[in-house]
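Next come the chains, spelled out residue by residue.
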Amino acid sequence: MEKKEINIEHKKSLLSLESRRKLILTGIIEVVSFNEDQIVLNTNLGTLNIKGKDLKMNKLDVQNGDVVIIGVINACVYTSSEPRKKRQNLISKIFK
């Protein structure tokens, strides 16, 4: 069986907010941290910081990069404009 590698940088990224109660995201690389007040995600568009109240990850599909978050969503902020993978490549080039 041949294993296919997915290039996450070329994957579409979607952020859809329904009535500030349900946040649907695609293009997620990894979950950095989470609690009921804040969730930090690395996406193919950079680091995404989600703040709110009673936040829960209702669906997490790491292989496809999909996440559904429920709770009261107060803010969605990208704290970095570069995808995480590109930043790592730059650092690894410096220290080669």
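Criteria and cut-off values
Residues numbered from 1 in each chain as written. Predicted model: local features only at pLDDT ≥ 70, side-chain atom pairs only at ≥ 80, totals over all residues. Heavy atoms only, no water. Pairing = 2+ DSSP bridges. Helix = DSSP H or I, 4+ residues; strand = E, 2+ residues; numbered from the N terminus. Axes fitted to C-alpha atoms, helices over the stretch in contact; angles between N-to-C directions. Contact = heavy atoms within 4.5 Å. Polar contact = N/O pair within 3.5 Å; in protein donor to acceptor, adjacent residues only side chain to side chain.

To continue, consider the pairing of strand 2 (residues 22-26). Sheet topology note: the strand 1 (residues 14-18)/strand 2 ladder contains 5 bridges and is antiparallel. By the bridge assignment for strand 2, Leu17 is matched with Leu23. Taking the residues that link successive antiparallel strands as the turn, the strand 1-strand 2 hairpin has 3 residues, and the phi of Ser19 there is positive, at about 50°. In the sheet, strand 2 pairs with strand 6 (residues 66-78) via 4 bridges, with the strands oriented antiparallel. Paired with Lys22 across the two strands is Ile70, which belongs to strand 6.

This paragraph deals with the sheet that holds strand 1. Taken together, the 6 strands give an open sheet; going across it, the order is 1-2-6-5-4-3, and neighbouring strands pair in antiparallel fashion. Each having just a single partner strand, strand 1 and strand 3 (28-34) make up the two edges of the open sheet. Strand-to-strand twist across the sheet, computed as the mean angle between neighbouring axes with direction ignored, equals 45°.

Right, let's get into the environment of Ser13. Note that Ser13 resides in the segment before strand 1. Through-space distance from the C-alpha of Ser13 to that of Leu45 is 7.5 Å; in sequence the pair is 32 residues apart. Among all residues touching Ser13, those that are not within four sequence positions of it are Thr26, Asn44, Leu45 and Tyr78. Here Thr26 takes part through its backbone oxygen, which lies 3.4 Å from a polar atom of the side chain of Ser13.

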